[in-house]
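Letter by letter, the chains look like this.
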Amino acid sequence: PGKGPQFDAPMNVCGDISSLIDGLSKTFSKEQIDKSAELVHAPSEQIGATLVESLAYTKTALNRIRKNLDGKIPLIGFTGAPWTLMCYMTEGSSKPSYAGARRWFFETPNEAKKLLRLITNTCLEVLLQQIGAGAQIIQ
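Quick summary incoming for the structure in this document. (Residues numbered from 1 in each chain as written. Predicted model: local features only at pLDDT ≥ 70, side-chain atom pairs only at ≥ 80, totals over all residues. Heavy atoms only, no water.)

Here we come to the overall build of the protein. Each helix and strand counted, the protein has 7 helices and 2 strands in total. Going residue by residue from the N terminus, the α and β elements of the protein occur as α-α-α-α-β-α-α-α-β. Residues classed as buried in the protein amount to 33% of the 139 residues present. Counting contacts in the protein only where the partners sit at least 6 residues apart, residues at least 24 apart contribute 70% of the total. For the protein, the computed accessible surface area is about 8400 Å², with 58% contributed by carbon and sulfur atoms. Each charge class in the protein can be summarised by its mean position, and for the 15 positive and 13 negative side chains these summaries are 8 Å apart. (Helix = DSSP H or I, 4+ residues; strand = E, 2+ residues; numbered from the N terminus. Buried < 20%, exposed > 50% of the residue type's maximum accessible area, 1.4 Å probe, protein only. Contact = heavy atoms within 4.5 Å. Areas by Shrake-Rupley, 256 points an atom, 1.4 Å probe, with all protein chains shown as cover. Lys, Arg positive; Asp, Glu negative; His and termini not counted. Charge placed at Lys NZ, Arg CZ, Asp CG, Glu CD.)

What follows is the structure, encoded as structure tokens:
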């Protein structure tokens, strides 16, 4: 297997994001999900901030790390790039050619763009949470 996360059930049916949307629909309205698929930062109308709150333990960890660094070393926040995360989600693991994810853009460009925008908005919220918790640099 390649490096990085391994997904047991990748979204390997080209253009089918129903499993993701179905999961999100249990908590969020269709309007919130649709708004989150727009490449606009509107946290009060999008689901990213709420999703990221489930990672609240990272805020606590970053606060503790920042305190222990005592200003001697900058604290770097990180999230995977949206394209890389989409590749993992659609292929299940790291593959050198990313052929599966690229196929989504050729065969179902609208669904591919929607998925990538959802991931992008969530990554943005992850980085904002890390900044709020003390990260001085983000990557």
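This part takes up helix H5 (residues 82-91). Along H5, the residues classified as buried are Met86, Cys87, Tyr88, Met89, Thr90 and Glu91. In the core, the buried residues of H5 are packed alongside helix H1 (18-25), helix H6 (99-107) and helix H7 (109-132).

On to the nonpolar core. Met11, Ile17, Ile33, Met86, Trp104, Leu115 and Ile119 are the most contacted members of the largest nonpolar core, which totals 17 residues. When residues of this core are traced back to their parent elements, those giving at least two are H1, H5 and H7. If one sorts the elements of this core by residue count, H7 sits on top with 5 residues. With near-sequence residues (within four places) excluded, Trp104 lies in contact with Met11, Val13, Cys14, Gly15, Asp16, Ile17, Met86, Thr90, Pro109, Ala112 and Leu115. (Core = buried A, V, L, I, M, F, W, Y, C linked by side-chain atoms within 4.5 Å.)

A cluster of nonpolar side chains, contributed by Leu124, Leu128, Ile131 and Ile138, occupies part of the molecular surface with about 300 Å² of accessible area. The dominant element in the nonpolar patch, judged by the number of residues it contributes, is H7, at 3 residues. Looking at where Leu128 falls in the secondary structure, it is placed in helix H7. A relative accessible area of 38% places Leu128 in the partly exposed class. (Patch = residues over 30% accessible without salt bridge, like charges linked within 9 Å, V, L, I, M, F, W, Y side chains within 5 Å. Salt bridge = Lys/Arg side-chain N within 4 Å of Asp/Glu carboxyl O.)

Moving on: the pattern of salt bridges. Enumeration over the complete set of coordinates arrives at 6 salt bridges. Among the salt bridges present, the one from Asp34 reaches Lys114, with a minimum N-O distance of 3.8 Å. Here the residue Asp34 occupies a position in helix H2 (residues 30-36), and Lys114 occupies one in helix H7, the gap between them amounting to 80 residues. When its relative accessible area of 30% is taken as the criterion, Asp34 is described as partly exposed. Beyond isolated ion pairs, a larger network of salt bridges with shared partners links Lys30, Asp34 and Lys114.

With that settled, the discussion passes to the environment of Ile131. When you line up the elements, Ile131 lands in helix H7. Taking the C-alpha atoms as reference points, Ile131 and Ser97, 34 residues apart in sequence, are found 33 Å from one another.

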